[in-house]
Amino acid sequence: MKKLSALGAIAMLIASQTPAAAQDLEFMLANESSADLVEFNISSASSDDWEENLLEGGYLAPGYESGVLIADGLSTCIYDLRGVFADGSEVEDFGLDLCDLGGYTFTD
């Protein structure tokens, strides 16, 4: 089963993000699993639905990372994440404070 874990200080891109102001949120997404990441969804933790696939028909191969920009105009830092892999596996993680974490890595 794949899991989602926080990257270290290397991925800290959010120096001034605060929940009080609506700002774009940036973080690094890394794939250290053995399968291509083919779908990546982020939704506000207050939402019951997944937003669109941020990979937009592309994929993130094992061993690669990519910057992710959330420009939803919300003033929240708490999001749910979902990753779907080419091998059919799926990972969901809920209630993550993206302002504090700054990056995520998918692993086997």
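Quick caveat, the model's predicted, so the values are computed rather than measured. (Residues numbered from 1 in each chain as written. Predicted model: local features only at pLDDT ≥ 70, side-chain atom pairs only at ≥ 80, totals over all residues. Heavy atoms only, no water.)

## Overview of the pairing of strand 5 (residues 78-85)
In the case of a regular strand, side chains alternate between the two sheet surfaces. Counting buried positions over the 8 residues of strand 5 gives 7, a clear majority of the element. Relative to strand 5, strand 3 (residues 37-44) is paired through 7 bridges, and the arrangement is antiparallel. When the sheet's bridge partners are listed, Ser44 is paired in strand 5 with Tyr79. In this structure, strand 5 lies alongside strand 6 (residues 90-97), joined through 6 bridges in antiparallel fashion. (Buried < 20%, exposed > 50% of the residue type's maximum accessible area, 1.4 Å probe, protein only. Helix = DSSP H or I, 4+ residues; strand = E, 2+ residues; numbered from the N terminus. Pairing = 2+ DSSP bridges.)

## Quick look at the environment of Asp100
Here Asp100 lies in helix 1 (residues 98-101). Placed 23 residues apart in sequence, Asp100 and Cys77 show a C-alpha to C-alpha distance of 8.2 Å.

## Section: the pattern of salt bridges
This model, assessed by the stated rule, comprises 3 salt bridges. Among the charged side chains, a salt-bridge network with shared partners connects Glu39, Arg82, Glu90 and Glu92. (Salt bridge = Lys/Arg side-chain N within 4 Å of Asp/Glu carboxyl O.)

## Observations concerning the layout of surface pockets
The computed volume of the largest pocket comes to approximately 190 Å³. Contributing to the lining of the largest pocket are Ile42, Ser43, Ser44, Glu51, Glu52, Leu54, Leu69, Ile70, Ala71, Asp72, Leu74 and Tyr79. Elements supplying a minimum of two residues to the lining of the largest pocket: strand 3 and strand 4 (64-70). If you tally residues by element for the lining of the largest pocket, the top one is strand 3, at 3 residues. Residue classes in the lining of the largest pocket are distributed as 7 nonpolar, 2 polar and 3 charged. (1 Å grid on protein atoms, 1.4 Å probe; cavity = no way out; pocket = protein on both sides within 12 Å on 5 of 7 lines; lining within 4 Å. Points joined across faces, edges and corners; volume = space filled by probe spheres on them. Nonpolar A, V, L, I, M, F, W, Y, C, P; charged D, E, K, R; others polar.)

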